[in-house]
Amino acid sequence: MLRMMAVIPPVFRVIDMLNLSNLRMIAVSALWSGLWAGLLLTAAQSVQVIPTLLQAEVYEEKAAIANHMPADSGIDQTNQQEEEVWQPRNGWERTFFTALANVSLGVGFALLLGAASAFRGGIGNWRNGLLWGLAGYAIFFAAPSLGLPPEVPGVEAADLKDRQVWWLMTVFDTAIGLWLLVFSKTGLNKLFGALLLVSPHLIGAPQPDMHNSAAPVELENTFIVATAAANALFWLALGGLMGLFSRKDLEFKE
Amino acid sequence: MSSAPFLIDNADAQSSRSDVLKDRILPALLAGALGLALLYGAGFAETAQLHNAAHDGRHSAGFPCH
């Protein structure tokens, strides 16, 4: 037996160590859930999210012309080549790429849901899926939005790197905190979870020195409400579908 | 104490521990890594083309964007 093990190349031993059918089950259900939830999100966005965003862009362009600055379309505002960088044309092309981004985010989030739930023996059914989806909404949308609300283009914000760091920290803390609150058995761990939940907000999100915006405040507020609703629908659909598609519990050797 | 059932139970416990790794933990870690890679590309990558393509999706999801 030992002699045989030594002959098998290490790569095959790694594959043998992994239950491929469980990985495939998570991946396939994530693909389908992400596809449908992403398409649903694209439809939901067309109600208010995208119209608000396009309206804000008009203000942004007006402000850019007034300031003789190129409209914000890329990474570095001082980059002279900025205007030559490809961007999807307004209309179906832009909608197509937004849908593609939504589906990619959907599949990515669904893979994370599948991975996290695997540690609890799978999601089980669509009702549990709604709860997992609700957790995803809290972790990836609600918690970061408390400090960094979704913004329309043309709003001045703090340094991008600082905001990304705070966003990632908040997502990470909220995920661990929520997990401890829900699944841990001891009061001390639950308390630790609650502390993790609130700590990013005690630290506070990075804010710009001056809150300048090309778009009127009403537009900013409409965008927050619209994205909150669209993302809630997206996450509930994503969780519910993951529960539906992965109803069969992960295979375990008895 | 050294009866056969006890020994079998013990062996089962050991094999089920390695099965948890194989059936649950490794597939979950791989799926999670795949998901993070996708989210990075769609939500965080700063390549100008990727940013412009995913622009509206990022704004809608509340990702920090430009």
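No experiment lies behind these values; they were computed from the predicted model shown.

Novice: Please explain the overall build of chain A as it appears in this structure.
Specialist: Scanning chain A for helices and strands turns up nine helices and zero strands. If you list the helices and strands of chain A from N to C, you get α-α-α-α-α-α-α-α-α. Put simply, chain A has 254 residues, and 38% of those count as buried. The contacts of chain A with a sequence gap of at least 6 include a subset with a gap of at least 24, amounting to 80%.

Novice: Looking at this structure, I do not really get the domain arrangement of chain A. What am I missing?
Specialist: When the parts come together, some accessible area is lost, and that loss is often what is quoted as the size of the interface. Residue and element names in this part refer to chain A. When cut into domains, chain A gives domain 1 (22-68 + 90-154 + 217-254) and domain 2 (158-207). Opposite the nine residues of domain 1 that make contact, domain 2 presents 12 residues. Residue composition of the side of domain 1 that touches domain 2, grouped by class: eight nonpolar, one polar and no charged.

Novice: How should I be thinking about the interface of chain A and chain B in this particular structure?
Specialist: Opposite the 51 residues of chain A that make contact, chain B presents 33 residues. Of all the elements, helix 5 (residues 92-118) of chain A adds the most residues to the side of chain A that touches chain B, at 14 residues. For the side of chain A that touches chain B, the class distribution of residues is 32 nonpolar, 15 polar and four charged.

Novice: Would you take a moment to explain helix 7 (residues 160-183) of chain A for this structure?
Specialist: Think of an α-helix as 3.6 residues a turn; residues three or four steps apart then line up on the same face. Residues and elements named next belong to chain A. In a regular helix each residue adds 1.5 Å, so 24 residues correspond to 34 Å; helix 7 covers 34 Å between its end C-alpha atoms and thus fits that length. For helix 7, the full list of buried residues reads Arg-163, Trp-166, Trp-167, Thr-170, Asp-173, Thr-174, Ala-175, Gly-177 and Leu-180. Contacts made by the buried residues of helix 7 are with helix 6 (126-147) and helix 8 (187-203).

Novice: So what exactly am I meant to see when it comes to the packing of helix 5 of chain A against helix 6 of chain A here?
Specialist: Helix packing for two helices is described by the angle between their axes and how far apart those axes are. Residues and elements named next belong to chain A. Here helix 5 crosses helix 6 at 115 degrees, and the two axes come no closer than 11 Å. As for the relative orientation of helix 5 and helix 6, their crossing is right-handed in sense. For the pair helix 5 and helix 6, the contacting residues are Phe-109, Leu-113 and Ser-117 in the first and Trp-132, Gly-136 and Phe-140 in the second. Tallied by class, residues from the contact of helix 5 with helix 6 come to four nonpolar, two polar and no charged.

Novice: How should I be thinking about helix 5 of chain A in this particular structure?
Specialist: Its 27 residues place the ends of helix 5 of chain A 38 Å apart at the C-alpha level, agreeing with the 39 Å of an ideal helix rising 1.5 Å per residue. Most of helix 5 of chain A sits out of view: 20 of its 27 residues are buried.

Novice: So what exactly am I meant to see when it comes to the nonpolar core here?
Specialist: Looking at soluble globular proteins, one finds that nonpolar side chains tend to be buried together. Grouped together as the largest cluster of nonpolar side chains are 60 residues, with contacts concentrated most on Ile-26, Leu-111 and Leu-238 of chain A. Put simply, the parts of the chain that give this core at least two residues each are helix 3 (20-45), helix 4 (49-66), helix 5, helix 6 and helix 9 (217-245) of chain A together with helix 1 (4-44) and helix 2 (48-61) of chain B. With near-sequence residues (within four places) excluded, Leu-238 of chain A lies in contact with Ser-33, Ala-37, Gly-106, Phe-109, Ala-110, Leu-113, Gly-133 and Gly-136 of chain A.

Conventions and cut-offs
- Residues numbered from 1 in each chain as written.
- Chains lettered and ligands numbered in written order.
- Predicted model: local features only at pLDDT ≥ 70, side-chain atom pairs only at ≥ 80, totals over all residues.
- Helix = DSSP H or I, 4+ residues; strand = E, 2+ residues; numbered from the N terminus.
- Buried ≥ 20, exposed ≤ 12 C-beta atoms within 10 Å, placed from the backbone.
- Contact = placed C-beta atoms within 7 Å.
- Domains from an automatic or database assignment.
- Nonpolar A, V, L, I, M, F, W, Y, C, P; charged D, E, K, R; others polar.
- Expected span 1.5 Å × (residues − 1).
- Axes fitted to C-alpha atoms, helices over the stretch in contact; angles between N-to-C directions.
- Left-handed = near helix turned anticlockwise from the far one by under 90°.
- Core = buried A, V, L, I, M, F, W, Y, C linked by C-beta atoms within 7 Å.

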